[in-house]
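# Structural description and commentary
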Amino acid sequence: MLRIENFWEMSEYATETYVAPKPTDEEIERVEQRLGYTLPSRYIDLMRGQNGGIPLRSTYPTSEATSWAEDHIAITAFFPISSTHEYGIAGEMGTHFWESEWGYPAIGVAICDCPSAGHDLVYLDYRACGPTGEPSVVHIDVECEQETKLADNFEQFINGLRLEEEWDV
(Lines give C-alpha, C1' and ligand atoms only; values in the text may rest on other atoms or scores of the structure.)
Protein backbone atom coordinates (compact mmCIF):
# COMPACT_ATOMS: atom_id res chain seq x y z
CA MET A 1 0.00 0.00 0.00
CA LEU A 2 1.27 3.44 -0.95
CA ARG A 3 2.14 5.55 2.14
CA ILE A 4 1.05 9.09 1.28
CA GLU A 5 -0.52 10.45 4.46
CA ASN A 6 1.30 13.57 5.64
CA PHE A 7 3.53 13.22 2.59
CA TRP A 8 4.03 16.80 1.38
CA GLU A 9 5.72 19.82 2.93
CA MET A 10 3.35 22.76 2.85
CA SER A 11 5.34 25.86 2.00
CA GLU A 12 5.05 28.76 -0.39
CA TYR A 13 8.37 27.83 -2.00
CA ALA A 14 7.30 24.21 -2.62
CA THR A 15 3.98 25.30 -4.10
CA GLU A 16 5.40 28.03 -6.31
CA THR A 17 8.37 26.00 -7.57
CA TYR A 18 7.24 22.39 -7.92
CA VAL A 19 3.46 22.02 -7.71
CA ALA A 20 1.43 21.92 -10.91
CA PRO A 21 -2.33 21.52 -11.36
CA LYS A 22 -3.50 17.94 -10.82
CA PRO A 23 -2.97 16.00 -14.05
CA THR A 24 -5.97 15.15 -16.19
CA ASP A 25 -6.18 11.89 -18.11
CA GLU A 26 -5.42 13.89 -21.27
CA GLU A 27 -2.29 15.46 -19.74
CA ILE A 28 -1.05 12.08 -18.50
CA GLU A 29 -1.50 10.65 -22.01
CA ARG A 30 0.26 13.67 -23.57
CA VAL A 31 3.20 13.34 -21.16
CA GLU A 32 3.49 9.59 -21.71
CA GLN A 33 3.47 10.07 -25.49
CA ARG A 34 6.06 12.84 -25.32
CA LEU A 35 8.37 10.77 -23.08
CA GLY A 36 7.67 7.39 -24.70
CA TYR A 37 6.97 5.63 -21.39
CA THR A 38 3.88 4.48 -19.51
CA LEU A 39 4.02 5.99 -16.03
CA PRO A 40 3.58 3.70 -13.02
CA SER A 41 0.05 3.75 -11.61
CA ARG A 42 1.36 4.52 -8.12
CA TYR A 43 3.24 7.59 -9.39
CA ILE A 44 0.05 8.77 -11.08
CA ASP A 45 -1.92 8.12 -7.85
CA LEU A 46 0.55 10.23 -5.85
CA MET A 47 0.46 13.09 -8.37
CA ARG A 48 -3.35 13.07 -8.51
CA GLY A 49 -3.29 13.93 -4.81
CA GLN A 50 -0.75 16.73 -5.26
CA ASN A 51 1.12 17.11 -8.51
CA GLY A 52 4.72 17.57 -7.47
CA GLY A 53 6.30 19.17 -4.46
CA ILE A 54 8.70 18.70 -1.59
CA PRO A 55 8.21 15.55 0.48
CA LEU A 56 8.49 15.57 4.27
CA ARG A 57 10.41 12.27 4.10
CA SER A 58 13.26 13.27 1.81
CA THR A 59 15.95 10.61 2.21
CA TYR A 60 16.30 7.04 0.99
CA PRO A 61 18.72 4.39 2.30
CA THR A 62 21.35 2.90 0.00
CA SER A 63 23.55 -0.16 0.30
CA GLU A 64 26.54 1.78 -1.03
CA ALA A 65 28.04 5.21 -0.57
CA THR A 66 26.83 8.00 -2.85
CA SER A 67 28.12 11.50 -3.42
CA TRP A 68 25.63 12.65 -0.78
CA ALA A 69 26.31 10.24 2.09
CA GLU A 70 27.74 6.86 3.03
CA ASP A 71 24.35 5.21 3.38
CA HIS A 72 21.58 7.28 1.78
CA ILE A 73 20.54 9.83 -0.81
CA ALA A 74 18.53 13.01 -0.33
CA ILE A 75 15.87 14.40 -2.62
CA THR A 76 14.74 17.98 -2.93
CA ALA A 77 11.42 17.51 -4.70
CA PHE A 78 9.23 15.37 -6.93
CA PHE A 79 8.69 16.71 -10.43
CA PRO A 80 5.00 16.97 -11.46
CA ILE A 81 3.32 15.12 -14.30
CA SER A 82 3.16 18.03 -16.72
CA SER A 83 4.20 19.10 -20.19
CA THR A 84 3.73 22.80 -19.44
CA HIS A 85 5.10 23.32 -15.92
CA GLU A 86 8.77 24.34 -16.04
CA TYR A 87 9.83 21.40 -13.84
CA GLY A 88 7.24 18.94 -15.20
CA ILE A 89 8.66 15.58 -16.23
CA ALA A 90 7.89 16.52 -19.85
CA GLY A 91 8.36 20.27 -19.38
CA GLU A 92 11.11 22.71 -20.28
CA MET A 93 13.36 21.49 -17.42
CA GLY A 94 12.11 17.90 -17.53
CA THR A 95 13.57 14.57 -18.55
CA HIS A 96 14.64 15.56 -22.08
CA PHE A 97 16.43 18.64 -20.72
CA TRP A 98 18.44 16.55 -18.25
CA GLU A 99 19.44 14.13 -20.99
CA SER A 100 20.35 16.69 -23.65
CA GLU A 101 21.89 19.41 -21.48
CA TRP A 102 23.42 17.45 -18.60
CA GLY A 103 24.24 14.11 -20.21
CA TYR A 104 21.90 11.89 -18.19
CA PRO A 105 21.34 8.48 -19.79
CA ALA A 106 18.10 7.94 -21.74
CA ILE A 107 16.82 5.16 -19.47
CA GLY A 108 13.42 6.50 -18.47
CA VAL A 109 11.91 9.43 -16.60
CA ALA A 110 13.55 11.90 -14.19
CA ILE A 111 11.16 12.13 -11.23
CA CYS A 112 13.11 13.73 -8.35
CA ASP A 113 15.59 16.54 -8.00
CA CYS A 114 18.39 16.23 -5.45
CA PRO A 115 20.17 18.92 -3.39
CA SER A 116 23.19 18.99 -5.75
CA ALA A 117 21.51 21.40 -8.18
CA GLY A 118 21.39 19.01 -11.11
CA HIS A 119 24.38 16.77 -10.52
CA ASP A 120 22.21 13.86 -9.38
CA LEU A 121 18.59 12.86 -9.93
CA VAL A 122 16.21 10.01 -9.21
CA TYR A 123 14.89 8.19 -12.29
CA LEU A 124 12.26 5.65 -13.20
CA ASP A 125 14.44 3.07 -14.98
CA TYR A 126 12.72 1.22 -17.85
CA ARG A 127 15.74 -0.70 -19.18
CA ALA A 128 14.70 -4.09 -17.76
CA CYS A 129 10.93 -3.78 -18.25
CA GLY A 130 10.55 -1.88 -21.52
CA PRO A 131 8.59 1.35 -22.06
CA THR A 132 5.25 -0.02 -20.85
CA GLY A 133 6.46 -2.13 -17.92
CA GLU A 134 6.92 -1.45 -14.21
CA PRO A 135 10.19 0.48 -13.87
CA SER A 136 12.67 0.26 -11.03
CA VAL A 137 13.90 3.42 -9.30
CA VAL A 138 17.54 4.47 -9.53
CA HIS A 139 19.71 7.34 -8.32
CA ILE A 140 22.06 8.69 -10.97
CA ASP A 141 24.98 10.96 -10.18
CA VAL A 142 26.02 12.27 -13.59
CA GLU A 143 29.06 14.08 -12.18
CA CYS A 144 30.54 10.97 -10.53
CA GLU A 145 29.17 8.62 -13.20
CA GLN A 146 27.52 6.54 -10.48
CA GLU A 147 24.21 4.71 -10.63
CA THR A 148 22.57 3.16 -7.56
CA LYS A 149 19.43 1.04 -7.66
CA LEU A 150 17.06 2.24 -4.96
CA ALA A 151 13.89 0.20 -5.34
CA ASP A 152 12.25 -2.44 -7.52
CA ASN A 153 9.26 -0.14 -8.16
CA PHE A 154 7.83 3.28 -7.34
CA GLU A 155 5.67 2.09 -4.45
CA GLN A 156 8.67 0.50 -2.73
CA PHE A 157 10.58 3.77 -3.22
CA ILE A 158 7.80 5.91 -1.69
CA ASN A 159 7.36 3.55 1.25
CA GLY A 160 11.11 3.54 1.90
CA LEU A 161 11.54 7.31 2.14
CA ARG A 162 12.71 8.45 5.57
CA LEU A 163 12.95 11.66 7.53
CA GLU A 164 16.24 13.50 7.27
CA GLU A 165 16.50 13.56 11.08
CA GLU A 166 16.81 9.76 11.16
CA TRP A 167 20.39 9.88 9.88
CA ASP A 168 23.41 10.23 12.10
CA VAL A 169 25.18 12.98 10.19
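Everything numeric in this text was worked out from a predicted model, so none of it was measured.

Scanning the protein from N- to C-terminus turns up five helices and seven strands. Counting helices and strands in the order they occur from the N terminus, the protein gives α-α-α-β-β-β-α-β-β-β-β-α. The globule rule puts the C-alpha radius of gyration for 169 residues at 15 Å, and the 15 Å found for the protein is close to it. Expressed along its principal axes, the backbone C-alpha trace of the protein runs to roughly 45 × 30 × 30 Å. Long-range pairs, those at least 24 residues apart, make up 59% of the contacts in the protein with a sequence separation of at least 6. For the protein, the computed accessible surface area is about 8,100 Å², with 48% contributed by carbon and sulfur atoms. Taking the average place of the 10 positive charges on the side chains of the protein and the average place of its 31 negative ones, the gap between the two points comes to 8 Å.

Turning to the nonpolar core, a few remarks are in order. Generally speaking, soluble globular proteins have nonpolar side chains that are buried together. Leu-39, Phe-78, Val-122 and Phe-157 are the most contacted members of the largest nonpolar core, which totals 49 residues. Dropping the residues within four chain positions of it, Leu-39 is found in contact with Val-31, Glu-32, Ile-44, Ile-81, Ile-89, Val-109, Leu-124 and Tyr-126.

Let's shift gears to the packing of aromatic side chains. Using the criterion set out here, one finds 15 aromatic pairs in the structure. On the numbers, 6.3 Å between centres and 80° between planes, the contact of Tyr-13 with Tyr-18 is edge-to-face. On the numbers, 6.4 Å between centres and 50° between planes, the contact of Phe-154 with Phe-157 is tilted. Remark: Phe-157 and Phe-154 occur in helix α5 (residues 154-160); sequence separation between them is three residues, near one turn of the helix. These aromatic residues form a ring-pair network of at least three members: Phe-7, Trp-8, Tyr-43, Tyr-60, Phe-78, Phe-154 and Phe-157. Just above the ring of Trp-167 sits the side chain of Arg-162; from NZ or CZ to the centre is 4.1 Å.

Hydrogen bonds between backbone groups are what pair the strands of a sheet, and the pairing can be parallel or antiparallel. Spatially, the five strands line up as an open sheet ordered β3-β4-β5-β6-β7, and their pairing is antiparallel. Looking at which strands have only one partner, the edges of the open sheet turn out to be β3 (77-78) and β7 (146-151). Sheet strands touched by helix α4 (residues 95-102): β4 (108-113) and β5 (120-125). Its angle to β4, the strand with the most contacts, is close to 95°.

Turning to the pairing of β4, a few remarks are in order. Each regular strand shows side chains that alternate between the opposite faces of the sheet. Burial analysis of β4 places six of its six residues in the buried class, which makes it a mostly covered element. Both β4 and β5 contribute to a ladder of five bridges, which runs antiparallel. Its bridge partner being in β5, Asp-113 is matched across the sheet by Leu-121. Joining the antiparallel neighbours β4 and β5 is a turn of six residues, in which Ala-117 adopts a positive phi near 60°.

Before going further, it helps to examine the UniProt feature "domain: Knr4/Smi1-like" (unreviewed entry) in the protein. Those places that UniProt annotates as "domain: Knr4/Smi1-like" (unreviewed entry) correspond, in this numbering, to residues 22-160. Overall, residues 22-160 shows 25% helix and 23% strand. The separation of its end C-alpha atoms is 24 Å.

Criteria and thresholds
- Residues numbered from 1 in each chain as written.
- Predicted model: local features only at pLDDT ≥ 70, side-chain atom pairs only at ≥ 80, totals over all residues.
- Heavy atoms only, no water.
- Helix = DSSP H or I, 4+ residues; strand = E, 2+ residues; numbered from the N terminus.
- Rg over C-alpha atoms; globule rule 2.2 N^0.38 Å.
- Contact = heavy atoms within 4.5 Å.
- Areas by Shrake-Rupley, 256 points an atom, 1.4 Å probe, with all protein chains shown as cover.
- Lys, Arg positive; Asp, Glu negative; His and termini not counted.
- Charge placed at Lys NZ, Arg CZ, Asp CG, Glu CD.
- Core = buried A, V, L, I, M, F, W, Y, C linked by side-chain atoms within 4.5 Å.
- Buried < 20%, exposed > 50% of the residue type's maximum accessible area, 1.4 Å probe, protein only.
- Phe/Tyr/Trp six-rings, centres within 6.5 Å; stacked < 30°, edge-to-face > 60°.
- Lys NZ or Arg CZ within 6 Å of the ring centre and 35° of its normal.
- Pairing = 2+ DSSP bridges.
- Axes fitted to C-alpha atoms, helices over the stretch in contact; angles between N-to-C directions.
- UniProt positions renumbered as here; feature names shortened; annotations may be inferred.

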